[in-house]
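Take a look at the letters that make up each chain.
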Amino acid sequence: MTATAIRHSELRSALEWYFESKNLAIKNALGLRCPLSPEQQKELRQYYSEYFVALVSTTELLCEPSYEFSTRFKEQLNAALSVEAFPDGKGNYDYIRELRNSIVHRGLDICSAAHVYEDRLLVVAPAKVFDRNGRKSFPAFGNYLIEIIAKCEETVGPLIAKHLEEVGLLKPLLTQDQAKAEASRYLTEAPAVPDWVKQNTSSFISQLDFVQVQVSAIEKLVGLLNFNALFAENDAQPYNAPDLARKAAQGR
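Criteria and thresholds
Residues numbered from 1 in each chain as written. Predicted model: local features only at pLDDT ≥ 70, side-chain atom pairs only at ≥ 80, totals over all residues. Heavy atoms only, no water. Helix = DSSP H or I, 4+ residues; strand = E, 2+ residues; numbered from the N terminus. Expected span 1.5 Å × (residues − 1). Bend = angle between axes of the 7 residues up to and from the residue. Buried < 20%, exposed > 50% of the residue type's maximum accessible area, 1.4 Å probe, protein only. Pairing = 2+ DSSP bridges. Phe/Tyr/Trp six-rings, centres within 6.5 Å; stacked < 30°, edge-to-face > 60°.

For helix H5 (residues 145-166), built from 22 residues, the straight-helix expectation of 32 Å at 1.5 Å per residue is met to within 8% by its first-to-last C-alpha distance of 31 Å. The largest bend in H5 amounts to roughly 30° and is located at cysteine 152. Within H5, 16 of the 22 residues are buried, which leaves it mostly tucked inside the rest of the structure. Of the residues one or two after H5, glycine 168 is the one with positive phi, at around 80°.

Spelled out as structure tokens, the structure:
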């Protein structure tokens, strides 16, 4: 297995993990209803924090200089995050990134302010966040976190899926023979696998269609990237974040 194939395989695996984490976090956050107990308030902060940590971990992974298509991805990301009232896509991404950094490195309580609409708690987005030196600030491109999340859900995942397809990373990385050899090598070197298991798996490995296994994994990743995590569990449509925000503002 070549170094490039290993790197790209690890990249796809990381993207899948971060998106699953992000989706679970927002699902848990939206599942909480008012009134919230003190323990639930802590959980809400945890879930919203986890959402932005996972989301930005995904984008930063593709922005690292070690990723050969990072420049192209940055340009695409900045363009995708341009909002009608906030057209500076790069500034909008800087807000998300520094919001994550403030949560992780500076202990920002992302849920320190909120408004209630019916039984939903709409968390107010920090009006601006600062870089580590406190010198540069980046304004929010929405009044509520749910508005910012809605824009991220609409753009980031589908953009990544499109980008990966453009650069040729949505295809099997190994041939049948290469994958079979890699699986055999892994089993041989795996210390947690008993010897009797190793001895009885060679025939099973030879029967696997490793190319199809890779295709199925790619299809799963693409579906995950294109899934909008704001879809309610029992609804046919995603949460209408702008409408919720407007109604909450009218009710204050």
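That covers the picture; the talk isn't over yet.
This next bit is on unusual backbone geometry. Each neighbour pair has its own omega, and for cysteine 34 with proline 35 the value is 0°, a cis peptide bond. Although it is not a glycine, glutamate 118 sits at a positive phi angle of roughly 55°. Structurally, glutamate 118 can be placed in the loop between strand E1 (114-117) and strand E2 (120-123).

Let us now look at the pairing of E2. As paired elements, E1 and E2 share four bridges and run antiparallel to each other. Note that in E2 the partner of valine 116 across the bridge is leucine 121. Linkage of E1 to E2, two consecutive antiparallel strands, is achieved through a turn of two residues, within which glutamate 118 is found at a positive phi near 55°.

Working definition: an aromatic ring pair is given by the centre-to-centre distance plus the angle between the planes. Going through the model one piece at a time under the given rule, you end up with four aromatic pairs. Here the aromatic rings of tyrosine 51 and phenylalanine 52 are separated by 5.1 Å at their centres, their planes lie at 85°, and the arrangement is edge-to-face. Both residues of the pair, tyrosine 51 and phenylalanine 52, count as buried. When the ring of tyrosine 67 is compared with that of phenylalanine 69, the centres are 5.6 Å apart and the planes differ by 75°; the resulting orientation is edge-to-face. Classification of tyrosine 67 as buried rests on a relative accessible area of 6%. Relative accessible area serves as the criterion here: at 23%, phenylalanine 69 is assigned to the partly exposed category.

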